[in-house]
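Next come the chains, spelled out residue by residue.
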Amino acid sequence: MPLTSTLRMAALALLWGSGFLWIKLALNHGLSPAQITITRCALGTAVLLLLARSAGQRLPRDRATWTRLAIAALFCNAIPFALFSIGEQTVDSGIAGVLNATTPLWSLLLGILLGTDRGLGRVRLTGLFLGFAGTLLIFAPWQRSAGLLTWGALSLLAAAASYAIAFAYMARKLTDRGAPIAMSAAQLLAATAWTTLSVPTAGPLHTDTTGLLAITALGILGTGVTFYLNYRLIADEGPTSAATVGYLLPVVSVALGVLVLDESTGPRIWAGMAVVLTGVAMTRARRTSGGDVARPPSSPAEQPQPPAPTVQRPRRTAPRQHPEPAE
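Residues numbered from 1 in each chain as written. Predicted model: local features only at pLDDT ≥ 70, side-chain atom pairs only at ≥ 80, totals over all residues. Heavy atoms only, no water.

**Let's talk about helix 3 (residues 33-54)**
For helix 3, built from 22 residues, the straight-helix expectation of 32 Å at 1.5 Å per residue is met to within 8% by its first-to-last C-alpha distance of 32 Å. Just downstream of helix 3, Gly 56 is the residue with a positive phi angle, here 75 degrees. (Helix = DSSP H or I, 4+ residues; strand = E, 2+ residues; numbered from the N terminus. Expected span 1.5 Å × (residues − 1).)

Next up, the structure:
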């Protein structure tokens, strides 16, 4: 891989993984989940609109495409962005990043329930159970009262599941439409419209410089710029390289949480993260004539970060979003 692509992949992992840090900082400095979600979508939209204009790409004009984008924006941006902000009110940013990585598990489970994923074998089934077992290990409900059943934890898991629903929908309705940057901008624009419905619950603005810097970094760097970098990485190196970033996000989010926010971690958290990522990798195996054989990721849409449409397979408009992230 060329040095430029390697640096781009490292930057993408850092920016997406730091999203959970920016959310926590914004919350700690007075911003509400609604304020964070609205501002994040608006700033990300502004960045992508500028990039689309510079690339000579136009927003879609037909009603059918906008309708599909509105549905994708609801499940891929508005809902998960809001749920991550709600969840991080009570859950550490590092753990939020790890739970974000469970999106492929939800994608597989959804495929099983809908009957669209018929390639389930021993390896993938084991990976599914292993991934959710890693989630239990992280929260250790046998040690703390209802650790996994708190609103914060459930919100984060619901956000990851929302990404899975969005990816399934986008794979059917928003593939091979061209102008990927403009499509990403249009989807985030639709997400911004959705988030304005939460204005009555946003509350008064009481923040400081740190809070403003955090939400600005989240919207511009953690949303707009990351979607563009993801698109460029896929265009230059293919989806496998971009999908690899999804496995780095939990490591980045946990490390930043420890270094910047002094979040407590220990062997159980790191072990749980390793188990989750192992399970995710196993669910990406495919059945061959000789049985289940694991292979590298083939599509960024299965990654945990919020997505942006790609050149050929625009399953991420918003980065999987993973890995998507923090989204």
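**Some thoughts on empty space enclosed by the protein**
Vacant regions in the atomic arrangement are exposed by a probe of water-molecule size rolled over the atoms. Considered as a void within the structure, the largest cavity measures approximately 50 Å³ in volume. Only helix 5 (93-100) and helix 12 (239-261) provide two or more residues apiece to the lining of the largest cavity. Among the residues making up the lining of the largest cavity, the classes are represented as four nonpolar, four polar and two charged. (1 Å grid on protein atoms, 1.4 Å probe; cavity = no way out; pocket = protein on both sides within 12 Å on 5 of 7 lines; lining within 4 Å. Points joined across faces, edges and corners; volume = space filled by probe spheres on them. Nonpolar A, V, L, I, M, F, W, Y, C, P; charged D, E, K, R; others polar.)

**Side note on the packing of helix 6 (residues 103-114) against helix 7 (residues 122-139)**
At a minimum axis separation of 10 Å, helix 6 and helix 7 run at an interaxial angle of 125 degrees. In this view, helix 6 runs oblique relative to helix 7, as classed from their interaxial angle. As helix 6 runs across helix 7, the sense of the crossing is left-handed. Residues Leu 105, Trp 106, Leu 108, Leu 109 and Ile 112 of helix 6 form the contact with helix 7, whose own contacting residues are Arg 124, Gly 127, Leu 128, Gly 131 and Phe 132. Taken together, the residues that form the contact of helix 6 with helix 7 break down as seven nonpolar, two polar and one charged. (Axes fitted to C-alpha atoms, helices over the stretch in contact; angles between N-to-C directions. Parallel < 35°, antiparallel > 145°, perpendicular 65-115°, else oblique. Left-handed = near helix turned anticlockwise from the far one by under 90°. Contact = heavy atoms within 4.5 Å.)

**Things to note about helix 7**
Its 18 residues place the ends of helix 7 26 Å apart at the C-alpha level, agreeing with the 26 Å of an ideal helix rising 1.5 Å per residue. Those residues of helix 7 that sit buried are Arg 124, Gly 127, Leu 128, Gly 131, Gly 134, Thr 135, Ile 138 and Phe 139. Buried residues of helix 7, viewed axially, fall in a sector of 130 degrees; they line one side. Across from the buried face of helix 7, at angles greater than 90 degrees, the exposed residues are Arg 122 and Phe 129. Ala 140, located one to two residues past helix 7, shows a positive phi value of around 45 degrees. (Buried < 20%, exposed > 50% of the residue type's maximum accessible area, 1.4 Å probe, protein only. Arc of directions from axis to C-beta.)

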